[in-house]
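Each chain, written out:
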Amino acid sequence: MRQNPSFAMADVGEIRRLIEQNPWVTIVSSSDAGLVASHYAVLLDADRDDLTIVGHVGKPDDLIHGLGERELLVVVQGPHGYISPGWYGDTQSVPTWNFVSAHLSGVPEILSPEENLAVLERLVARFESGMPQPRLMWEPPNDPDFVRRLERGTVGFRLTPTKVVGKRKLSQNKPDEVVETVIVELEAGASAYADPRLPGEMRRDLETRKAAR
């Protein structure tokens, strides 16, 4: 991802928030057969306060990616959306796409079966927590044999990235009043290609920048 100093996102806390709110990631690696990409959910490592993530892949994706042997690129995609030049007023302009994203690179560590089970349990608990009647991993009708068979079909990993590129492109290069107009248009649903969370992300960024002046 090409970096632009105006849009750089280097704060660890902000990138952690991005991962926490957008756990469905794209994992990319270079294999003997060429580039390969997979999609999985990840979590921040509960025992760390940096950008270490944990997750799992289903077999044989571990072999396809050379998990534990080759560098992985993990793409975290946050809110994004199409921005019309018509929202800028009577001035020369072109369309753009606002977004928040982070790329984490490094060689992952393979987890032991017990560590993998703990990560799987956390994943289920995280996403079931919003259900009316959560079905946790160890609860009936699941039994321990079923859960352990499930674990044996996966490979858990922990990735402490050695390279991080974060980017937050939210119209920071426009005057405040133009940003306000873009937010209002997005809130009104004027862009069919926008994540509904994007105007809130833009509002948060704009208020942060105003407070820092």
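Within each chain, residue numbers correspond to sequence positions counted from 1 in written order. Where totals are concerned, whole chains, interfaces and linings use all residues; where local detail is concerned, this predicted model gives features only for residues with pLDDT of at least 70, and gives and counts side-chain atom pairs only at 80 or more. No hydrogens and no water enter the side-chain calculation; it runs on all heavy atoms of the structure.

## A closer look at the packing of aromatic side chains
Put simply, the test is: Note on ring pairs: Phe, Tyr and Trp rings are taken, using the six-membered ring of Trp, and paired if centres are within 6.5 Å. Classes follow the plane angle, with under 30 degrees stacked, over 60 edge-to-face and the rest tilted. For helices the rule is a DSSP run of H or I covering at least 4 residues; for strands it is a run of E covering at least 2, with both sets numbered from the N terminus onward. Burial classes follow relative accessibility: with a 1.4 Å probe on protein chains only, a residue under 20% of its type's maximum area counts as buried, one over 50% as exposed, and anything between as partly exposed. Working rule: Lys NZ or Arg CZ, within 6 Å of ring centre, within 35 degrees of ring normal, means a charge sits over the ring.
Inspection of every chain in the model, using the stated rule, returns one aromatic pair. Seen from their ring centres, Tyr82 and Trp97 are 5.9 Å apart, and the 65° between their planes marks the pair as edge-to-face. Taken together, the residues span a long stretch of sequence, with Tyr82 in strand E4 (residues 72-83) and Trp97 in strand E5 (residues 96-106) at a distance of 15 residues. Relative accessible area serves as the criterion here: at 28%, Tyr82 is assigned to the partly exposed category. Between Lys169 and the ring centre of Phe7, over which it is positioned, the NZ or CZ distance is 5.9 Å. Between the NZ or CZ atom of Lys174 and the centre of the ring of Tyr88, over which it lies, the distance is 4.2 Å.

## With respect to the side chain of Glu151
The following threshold applies: Here Asp and Glu are counted as negative and Lys and Arg as positive; His is not counted, and neither are the chain ends. When a carboxyl oxygen of Asp or Glu lies within 4 Å of a side-chain nitrogen of Lys or Arg, that pair is called a salt bridge. Distance and chemistry together define a polar contact, namely a pair of N or O atoms within 3.5 Å, with one atom able to donate a hydrogen and the other to accept it when in protein, and with adjacent residues in sequence counting only for side-chain atoms on both sides. It only takes one pair of heavy atoms within 4.5 Å for two residues to be counted as in contact.
Relative to the helices and strands, Glu151 is located in helix H4 (residues 144-152). Arg152 provides the closest opposite charge to the buried, salt-bridge-free Glu151, at an N-O distance of 5.9 Å. For Glu151, the side chain forms a polar contact with the side chain of Asn116, separated by 3.0 Å. Ignoring anything within four residues of it in the chain, the contact list for Glu151 reads Pro113, Asn116, Leu117 and Leu120.

## Quick notes on the pattern of salt bridges
Taken as a whole and judged by the stated rule, the model has 15 salt bridges. Among the salt bridges present, the one from Lys210 reaches Glu180, with a minimum N-O distance of 3.6 Å. With a gap of 30 residues between them, Lys210 in helix H6 (residues 198-212) and Glu180 in helix H5 (residues 176-187) connect regions that are remote in the sequence. Classification of Lys210 by relative accessible area gives partly exposed; the value is 31%. Using a relative accessible area of 23% as the deciding quantity, one classes Glu180 as partly exposed. A network of salt bridges, in which partner residues are shared, links Glu14, Arg17, Arg168, Glu201 and Arg204.

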